[in-house]
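# Coordinates in review
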Amino acid sequence: MKRLTLLLLVCGAAAAQSALADVQPSLDAVRAACADDAQKLCAAVQPGGGRIVVCLKEHKDSLSDRCKQAAGLPVGQSSSPAPVAAAAAVTVPAAAQTKPAPASKANPAKASPAKANPAKVSAAAGGEKFAERVITDPDHGGMRAATIHVPEKWRFEGKVEWHYGWVEYPVSSSSHAENPDNAEAYFQYPRLRFDYTEVPPQLRQYVKGHQYGPGERLPTGALSSPPQPAMHALAAFIQKTRSGVSNLKWLGQQDLPDLANALRLEASPNQHGVAIKIGYDLSGQAVEEAFFGVYYLSQGANAGVGAGTIKQTNWGLQALQSFRAPAGSLEKRMPIFCVIAKSFYLNPEWARLSKAITDKMLADFNQKLKEGYDQLRAAQAIVDQTMKQQAAFQANFDKQEAAFRNSGGVDDSYLRDGGKRSAADHWDDVIRGVDTLNDPNGGTTQLSNLGQYHFTDGFGNYRTTDDPNYTPEQAGEVGSWSRMTTAP
């Protein structure tokens, strides 16, 4: 995997140069040969941002024979755009190269590099000629969403999908290209987005409706799953994506901490690149495939009512892609795949459109969320007021009962049954729904008056029933039970 790592990082920094590595002279030789041309033709140009590269391209016919020869260009003839770009690129530091634009929020899985040649990219990389392919958006009149360059003879398919109800994952894109002559292929996969919500035990009784299990699609568009380590997440994706292959073998894996920077991805919390190489049989032929992805994970808590009690984790994989080739040739062909991966270009007009749509969806969602929290706050206020009223009622009732108990002018003989308990005692039993009974253990015991007949075994165990023929022994109870009498 070390060779794969090196090639991938070279791809992220300068894909075109990597693709030409096998056919161009040494970079040091080209840099030395073209340094005078840069000094002579572009002395007034401020270094940085690719400006010297552009300047040399504009003066391609004026380059010295020494520079052209070192770059492998025909001496005495006009230079073609692609080789000149390669020659110019090595005359300035890497920091001065043309830098890709930031990733669009509409598709953060891919950066949008500056277009070196808008019309068509034709590069001699291992004998391959590249051609532009277009990914269109069928939901918006077939608008060009993105372009990518693949070997001219390769078959290509790209797709943009909208899900207007998925506020967290409304749009996704994918593409793949395949060599008709062998098993070589490039795959770009949609971003994987997972959500996991942790509800504290005291609030779980309020969670109603369907409870989503791992892998199920949530209403917001994300998949439900607790977070996994980066390498485990990529391995699980591979197992699902290549579930139908035969003779699957895990050939290696590697952490790529700088992969997000190499691919110029927009920063996300806890980003971490990973790679896994596998082998399997395809149509009877042994092939190898390298998968790359950038892991991310962010955590937060709810606002509003019970703020901070509900924890949510958003995590997943972005920049998911894989390269496939016949066994033994994957690393040799990696520069070709780098050209494909790095050539992805997002149409700015489509990016603006998709951002406007997603922003509107998010604003509507947040408004509904706010309304929901407002309703919860109003409901909580009603509950609080009801509890206060209940407490006041109970306090007043206790006060009245105490006054009634202490009153000496009440004739309660009709409730006394000739015994020792007052009318207030009997009234209290009625209010609380109990019967006061003589207990063999000593004193009296109060049991629910929902049953007319009460029994005890003398050891603090009681049974109550409305069946006059019931006895605990007949019901299978252990011990000796006796029927209790009402206290006077």
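Just so we're clear, the structure is a prediction, and the values are computed from it rather than from any experiment.

### Topic: the sheet that holds strand β16 (residues 462–465)
Spatially, the three strands line up as an open sheet ordered β16-β15-β17, and their pairing is antiparallel. Of all strands in the sheet, those bounded by a partner on one side alone are β16 and β17 (482–483).

### As for helix α11 (residues 423–432)
The complete set of buried residues in α11 reads Ala 423, Ala 424, Asp 425, His 426, Asp 428 and Asp 429. At the exit of α11 stands Gly 433, carrying a positive phi of roughly 70°.

### Examining a nonpolar patch on the surface
The grouping of Phe 404, Trp 427, Val 430 and Ile 431 at the surface amounts to a nonpolar patch, some 400 Å² of accessible area in total. Sort the elements by how many residues they give to the nonpolar patch and α11 lands first, with three residues.

### Looking at the sheet that holds strand β1 (residues 130–137)
In sheet architecture, strand pairing relies on hydrogen bonds along the backbone and comes in two forms, parallel and antiparallel. Here three strands make up an open sheet; going across it, the order is β1-β2-β12 and the pairing antiparallel. Of all the strands in the sheet, the pair left with one neighbour each is β1 and β12 (345–346). The pairing of strand β2 (residues 143–151) with β12 spans two bridges and is antiparallel. Looking at the pairing, Thr 147 lines up with Tyr 345 of β12. Packing of helix α8 (residues 334–342) onto the sheet brings it into contact with β1 and β2, and relative to β2 it is tilted by some 165°.

### Let's talk about the pattern of salt bridges
Inspection of every chain in the model, using the stated rule, returns 12 salt bridges. Across the pair Glu 184 and Arg 333 runs a salt bridge, and its minimum N-O distance is 2.6 Å. Placement of the pair is Glu 184 in the loop between β4 (171–178) and β5 (185–188) and Arg 333 in the loop between β11 (311–326) and α8, with a sequence separation of 149 residues. Judged on exposure class, the residue Glu 184 and its partner Arg 333 are both buried.

### Regarding unusual backbone geometry
Positioned with a positive phi, Ser 283 is a non-glycine residue whose angle comes to about 55°. Within the secondary structure, Ser 283 is located in the loop between β9 (272–282) and β10 (285–301). A positive phi angle, near 55°, is found at Ala 319, a position not held by glycine.

### A short note on the nonpolar core
Ranked by internal contacts, the top residues of the largest apolar core, which has 39 residues, are Phe 323, Phe 337, Ile 340 and Trp 350. Looking at which element gives the most residues to this core, the answer is α8, with seven residues. Residues Leu 223, Ala 233, Ile 238 and Ile 278 belong to the second largest nonpolar core, which totals 25 residues.

### Here's the deal with the packing of aromatic side chains
Enumeration according to the criterion identifies 13 aromatic pairs in this entry. Arranged with centres 4.4 Å apart and planes meeting at 15°, the rings of Phe 194 and Trp 315 form a pair that is stacked. Within this pair, whereas Phe 194 is found in strand β6 (residues 192–198), its partner Trp 315 is found in strand β11, the two being separated by 121 residues in sequence. The exposure class assigned to Trp 315 is buried, which follows from its relative accessible area of 1%. Ring geometry for Tyr 295 and Trp 315: centres 6.1 Å apart, planes at 45°, overall tilted.

### Let's talk about α8
Along α8, nine of the nine residues are buried, which leaves the element largely enclosed by surrounding structure. Residues Met 334, Pro 335, Ile 336, Phe 337, Cys 338, Val 339, Ile 340, Ala 341 and Lys 342 constitute the buried set of α8.

### A short note on the confidence of the model for the protein chain
Low-pLDDT stretches of the model should not have their predicted coordinates read in fine detail. Of the residues in the protein chain, 72% reach a pLDDT of 70 or more, and the chain-wide mean stands at 76. Segment residues 414–418: pLDDT under 50, and seven contacts once partners within four positions in sequence are set aside and those in other chains are kept.

### Overview of the side chain of Arg 324
Topologically, Arg 324 is positioned in strand β11. Judged by its relative accessible area of 7%, Arg 324 is buried. Side-chain polar atoms of Arg 324 contact the side chain of Glu 178, separated by 3.5 Å. A polar contact is formed between the side chain of Arg 324 and the backbone oxygen of Ala 183, at a distance of 2.8 Å. Those residues in contact with Arg 324, other than ones at most four positions away along the chain, are Glu 178, Ala 183, Glu 184, Ala 185, Phe 187, Tyr 280, Leu 282, Val 287, Glu 288, Glu 289, Leu 330 and Phe 337.

How each quantity is defined
Residues numbered from 1 in each chain as written. Predicted model: local features only at pLDDT ≥ 70, side-chain atom pairs only at ≥ 80, totals over all residues. Heavy atoms only, no water. Pairing = 2+ DSSP bridges. Helix = DSSP H or I, 4+ residues; strand = E, 2+ residues; numbered from the N terminus. Buried < 20%, exposed > 50% of the residue type's maximum accessible area, 1.4 Å probe, protein only. Patch = residues over 30% accessible without salt bridge, like charges linked within 9 Å, V, L, I, M, F, W, Y side chains within 5 Å. Areas by Shrake-Rupley, 256 points an atom, 1.4 Å probe, with all protein chains shown as cover. Salt bridge = Lys/Arg side-chain N within 4 Å of Asp/Glu carboxyl O. Contact = heavy atoms within 4.5 Å. Axes fitted to C-alpha atoms, helices over the stretch in contact; angles between N-to-C directions. Core = buried A, V, L, I, M, F, W, Y, C linked by side-chain atoms within 4.5 Å. Phe/Tyr/Trp six-rings, centres within 6.5 Å; stacked < 30°, edge-to-face > 60°. pLDDT = per-residue confidence, 0-100. Polar contact = N/O pair within 3.5 Å; in protein donor to acceptor, adjacent residues only side chain to side chain.

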